[in-house]
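# Structural features, examined
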Amino acid sequence: MITEQMICDAGLYPYQPKFLRQYPESLHKYCGKGLGLWQFPNQFAPYMNKLLENDIESYLEIGTGAGGTFMFTSNELIKNGCKSCFAVDVAPIGTVAVADNTGNPFEGKLREYVDSSSQYAFHSGTSASFFTDYRPYPVDMALIDGDHSYSGVAKDWLMCSGRVRIIALHDIVNMDTPGVVRFWNEIKSNRFYHSFEFVDQYESDNSFLGIGLMIRKKIMYGGQF
């Protein structure tokens, strides 16, 4: 069972004022430390617990940034029987394209992590190049957290939808990523998937982050799944 405190103790990402504003002051003591998960613990813990109810042998994260979410998720999935975890990003390994990385306390952590085991791999590129050039066959589960524009998240979704059984989207209620919010609201009722939302907020007048999870339904043919 993954708890909110486990997420906090693993360490949260924000260390710059423009991103710390998304987090309540009660969480600031965990920020800029550890793995650096850019997640709300009250969203990410129940998401991970739902994920761990499923048999996942291969995991793909599109848009890894500093790598905190990838490292934490991979650790837990490997314990649960996962065999391969792939990180994909257009930015250099372990950096955050939207942030000023001056003094980034997470510099080098993702590279060290990926190099620690043959079960982990980093692909420098897009979801399209990953599936076309690197691994031209399906994976079990993917988290889409890369290009947060409407067209960007749509492209990643289209690359995954025919190749991945379980798909998650990050920032589905984030006021700072309206493209993802719009796209999620358009696809979350897709009849071929069971959809789940993890969108609890801390006390705030705003809405941030949020995770949407879609698990492909078993389709019955002639009485057989």
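Within each chain, residue numbers correspond to sequence positions counted from 1 in written order. In view of the model being predicted, local features appear only for residues whose pLDDT reaches at least 70, and side-chain atom pairs are presented and counted only at 80 or more, with totals across whole chains, interfaces and linings using the full set of residues. For the side-chain quantities, the full set of heavy atoms in the structure was used; hydrogens and water were omitted.

## What to know about the pattern of salt bridges
Here a salt bridge means any side-chain nitrogen of Lys or Arg lying within 4 Å of a carboxyl oxygen belonging to Asp or Glu. Taken as a whole and assessed by the stated rule, the structure comprises 6 salt bridges. A salt bridge links Asp 176 to Arg 21; the nearest nitrogen and oxygen atoms lie 2.7 Å apart. With Asp 176 in the loop between strand E5 (164-170) and helix H8 (178-187) and Arg 21 in the loop between helix H2 (17-20) and helix H3 (41-51), this pair connects stretches of sequence that are 155 residues apart. The salt bridge partner of Glu 186 is Arg 182, with a shortest N-O separation of 3.3 Å. In this pair, Glu 186 and Arg 182 both sit in helix H8, 4 residues apart, roughly one turn of the helix. Look at Glu 186 and you get partly exposed, because its relative accessible area is 45%. Strands here are runs of E lasting at least two residues and helices are runs of H or I lasting at least four, both read from the DSSP assignment and numbered beginning at the N terminus. For every residue, the accessible area (1.4 Å probe, protein chains only) is compared with the maximum for its type, and the residue is labelled buried under 20%, exposed over 50%, or partly exposed between those bounds.

## So, the environment of Phe 70
With respect to the element layout, Phe 70 can be found in helix H4 (residues 68-79). Along the primary structure Phe 70 and Tyr 59 are separated by 11 residues, whereas in three dimensions their C-alpha atoms are 9.3 Å apart. Should any heavy atoms of two residues lie within 4.5 Å, those residues are counted as being in contact. The contacts of Phe 70, once residues within four sequence positions are left out, are Tyr 59, Glu 61, Thr 64, Cys 85, Phe 86, Ala 87, Leu 110, Tyr 113 and Val 114.

## A word on the packing of helix H7 (residues 150-161) against H8
A packed helix pair is summarised by two numbers, namely the angle formed by the two axes and the spacing between the axes. Orientation is described by axes fitted as lines to C-alpha atoms, over the contacting stretch for helices, and by angles from 0 to 180 degrees between their N-to-C directions. Contact geometry for H7 and H8: axes closest at 7 Å, N-to-C directions at 45°. In terms of orientation, H7 and H8 fall into the oblique class. In this structure, H7 meets H8 at a crossing whose hand is right-handed. Residues Tyr 150, Val 153, Ala 154 and Trp 157 of H7 touch H8, and the partners they reach there are Gly 179, Val 180, Arg 182, Phe 183, Glu 186 and Ile 187. Residue type decides the class: Asp, Glu, Lys and Arg count as charged, Ala, Val, Leu, Ile, Met, Phe, Trp, Tyr, Cys and Pro as nonpolar, and the leftover types, Gly among them, as polar. The class makeup of the residues in the contact of H7 with H8 is 7 nonpolar, 1 polar and 2 charged. Working definition: roughly parallel below 35 degrees, roughly antiparallel above 145 degrees, roughly perpendicular at 65 to 115 degrees, and oblique for all remaining angles. Should the near helix be turned counterclockwise from the far one by less than a right angle, the crossing is left-handed, whereas a clockwise turn marks it as right-handed.

## Notes on the packing of aromatic side chains
Stacked, tilted and edge-to-face pairs are distinguished by plane angle, under 30 degrees for stacked and over 60 for edge-to-face with tilted covering the rest, among Phe, Tyr and Trp rings (Trp via its six-membered ring) whose centres lie within 6.5 Å. Inspection of every chain in the model, using the stated rule, returns 20 aromatic pairs. Only Lys NZ and Arg CZ are tested; either one counts as a charge over a ring when it is within 6 Å of the ring centre and within 35 degrees of the ring normal. One Lys or Arg, Arg 163, reaches over the ring of Phe 131 and ends 5.2 Å from the middle of that ring. Over the ring of Tyr 150 we find Arg 182, and its NZ or CZ is 3.7 Å from the ring centre.

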